[in-house]
Amino acid sequence: MSQKQWIAGINAVSAALEHDAEHVREVLIEAGAKNPRIVEIEANARRMDIDVRRVATQALDGVVGNLRHQGVVARYAAAKTWNENELEALVEAAEGRALLLILDGVQDPHNLGACLRSAAAAGVTAVIIPKDKSVQVNATVRKTSAGAADSVAVIPVTNLARTMRDLQKLGVWLYGLAGEADTSLYSLDLRGNVALVLGGEADGLRRLTRENCDQLVKIPMPGAGSLGVESLNVSVAAGVTLFEVVRQRGVAK
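Every value quoted in this text rests on a predicted model; they were computed, and no experiment measured them.

Rules used throughout
Residues numbered from 1 in each chain as written. Predicted model: local features only at pLDDT ≥ 70, side-chain atom pairs only at ≥ 80, totals over all residues. Heavy atoms only, no water. Core = buried A, V, L, I, M, F, W, Y, C linked by side-chain atoms within 4.5 Å. Buried < 20%, exposed > 50% of the residue type's maximum accessible area, 1.4 Å probe, protein only. Helix = DSSP H or I, 4+ residues; strand = E, 2+ residues; numbered from the N terminus. Contact = heavy atoms within 4.5 Å. Axes fitted to C-alpha atoms, helices over the stretch in contact; angles between N-to-C directions. Parallel < 35°, antiparallel > 145°, perpendicular 65-115°, else oblique. Phe/Tyr/Trp six-rings, centres within 6.5 Å; stacked < 30°, edge-to-face > 60°. Expected span 1.5 Å × (residues − 1). Polar contact = N/O pair within 3.5 Å; in protein donor to acceptor, adjacent residues only side chain to side chain. Salt bridge = Lys/Arg side-chain N within 4 Å of Asp/Glu carboxyl O. UniProt positions renumbered as here; feature names shortened; annotations may be inferred. Disulfide = S-S within 2.5 Å. Pairing = 2+ DSSP bridges. Arc of directions from axis to C-beta.

Okay, the nonpolar core next. Counting 33 residues, the largest nonpolar core has Leu101, Leu103, Leu112, Val127, Leu196, Leu198 and Leu242 as the members making the most contacts within it. Only strand 5 (99-104), helix 5 (109-122), strand 6 (126-130), strand 8 (173-177), strand 10 (194-199) and helix 10 (234-249) provide two or more residues apiece to this core. Residue contributions to this core peak at six residues, all from helix 10. If we skip the residues at most four places from it in the chain, leucine 196 touches Leu99, Leu100, Leu101, Ile102, Tyr175, Thr241, Leu242 and Val245.

We now examine the packing of helix 5 against helix 10. Running from N to C, helix 5 and helix 10 cross one another at 10°; their axes reach a closest spacing of 8 Å. Taken together, the axes of helix 5 and helix 10 lie roughly parallel to each other. The segment helix 5 lies against helix 10, with Asn111, Ala114, Cys115, Ser118, Ala119, Ala121 and Ala122 engaging Val234, Ser235, Ala238, Gly239, Leu242, Phe243 and Val246.

To continue, consider the packing of aromatic side chains. Think of a pair of aromatic rings as described by two things: how far the centres are apart, and how the planes are tilted against each other in angle. Counted by the stated rule, this structure contains one aromatic pair. Between tryptophan 173 and tyrosine 175, the aromatic rings sit 6.2 Å apart at their centres with planes inclined by 45°, giving tilted as the arrangement. You can call tryptophan 173 partly exposed: its relative accessible area is 41%.

Taking 1.5 Å per residue, 14 residues should reach 20 Å; helix 5 reaches 20 Å between its end C-alpha atoms and fits that length. Those residues of helix 5 lying buried are Pro109, Asn111, Leu112, Gly113, Cys115, Leu116, Ser118, Ala119 and Ala122. Structurally, the start of helix 5 carries an N-cap: the backbone nitrogen of histidine 110 is 2.8 Å from a side-chain oxygen of aspartate 108. A positive backbone phi angle near 75° is found at glycine 123, which sits one or two residues after helix 5.

What follows deals with the pattern of salt bridges. Applying the stated criterion to the full structure yields ten salt bridges. In this structure, the salt-bridge partner of arginine 53 is glutamate 26, at a minimum N-O distance of 2.6 Å. Of this pair, arginine 53 sits in strand 3 (residues 51-55) while glutamate 26 sits in strand 2 (residues 24-30), placing them 27 residues apart in sequence. Between glutamate 26 and arginine 75 there is a salt bridge whose closest N-O contact spans 3.3 Å. Here glutamate 26 is found in strand 2, whereas its partner arginine 75 is found in strand 4 (residues 72-77), with 49 residues between them in sequence. Its relative accessible area of 10% is what places glutamate 26 among the buried residues. Of the residues examined, arginine 75 reaches a relative accessible area of 26% and is grouped as partly exposed. In the salt-bridge network here, residues are joined through shared partners; they are Glu26, Arg53 and Arg75.

Bringing the UniProt feature "binding site: S-adenosyl-L-methionine" (unreviewed entry) in the protein into the picture now. In this structure's numbering, the residues bearing the UniProt feature "binding site: S-adenosyl-L-methionine" (unreviewed entry) are Gly199, Ile219 and Leu232. The annotated residues occupy 34 residues of the chain but converge on a single region, no pair of C-alpha atoms lying more than 13.7 Å apart. Considering the arrangement of structural elements, one finds isoleucine 219 in the loop between strand 11 (215-218) and helix 9 (224-227). Look at isoleucine 219 and you get buried, because its relative accessible area is 14%. If we skip the residues at most four places from it in the chain, isoleucine 219 touches Leu177, Leu185, Tyr186, Leu232, Ala237, Val240 and Thr241. Mapping leucine 232 onto the fold places it in the loop between helix 9 and helix 10.

Turning our attention to the state of the cysteines. Evaluation of the coordinates by the stated rule reveals zero disulfides. Looking at the unpaired cysteine 115, the closest cysteine sulfur is the one in cysteine 213, lying at 16 Å. On the basis of relative accessible area, cysteine 213 is assigned to the buried category, the value being 11%.

All right, on to the sheet that holds strand 10 then. The strands making up a sheet associate through backbone hydrogen bonding, with each pair oriented either parallel or antiparallel. Spatial strand order, 7-6-5-10-8-11-9: seven strands in an open sheet with parallel pairing. Each of the sheet's edge strands pairs with one partner strand only, and the pair in question is strand 7 (154-157) and strand 9 (183-184). The strands that helix 5 touches are strand 5, strand 6 and strand 7; relative to strand 5, the one it contacts most, it runs at about 170°. Contacts from helix 7 (residues 160-169) reach strand 5, strand 6, strand 7, strand 8 and strand 10 within the one sheet, and its direction differs from that of strand 5 by about 160°.

Our next topic: helix 7. Looking at helix 7, one finds that the buried residues are Leu160, Ala161, Thr163, Met164 and Leu167. One face of helix 7 carries all of its buried residues, which in axial projection span an arc of 160°. The distance from a side-chain oxygen at the start of helix 7 to the backbone nitrogen of alanine 161 is 3.2 Å, and the residue carrying that oxygen is asparagine 159. At the C-terminal side of helix 7, glycine 171 shows a positive phi close to 90°.

Next comes the structure, spelled out in structure tokens:
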């Protein structure tokens, strides 16, 4: 299944052309734009036989609304939309090294986009988000993720707690991030099937989500007390935890 939409911004359009050009239907560029990166985007799109049009700034504004487009947007038939029924096959295909990121109620599209960018860089198997009380993948998320939103399997699920229990049955160990936990992230063995569970910006992990984790762990923050920093931004925490898994697994460049 695919859906047509617009993606905006130099990084997002560049990434779409580089990683998923077959789904780019058209590129609109601000008339008179001379930014070298936009010129490069135009040349790449034309070389790939993708329609390119120079249009007025008002036309770009009308397409993407308040989203900052930087003078370039693309009409995009998004890649595969993932269904929660496909999660089991993804885990099994990982052959005991599945890496899942579960985001429990992230509301800010910029945070979700940043999480997806880290997830793509870390080579995650899938990112799981609830269908309710969570931002979904939209134009802002795509722009912030710099194209990662379409290179990672993002799976919206109806019942997050049930999905977590299903993952446990598949042999996935669920680690929830909680600042008050006693166990350090760095004391864990993260080389097997692992799901990292992070909460939303305001309330962190919800009660049911906590209860369905196998263990709660924390990211040590030795300077937290002196600086008055109680927790990390969810996208920063996602990056820290994902790349601890990468480090332990000794993934080559």
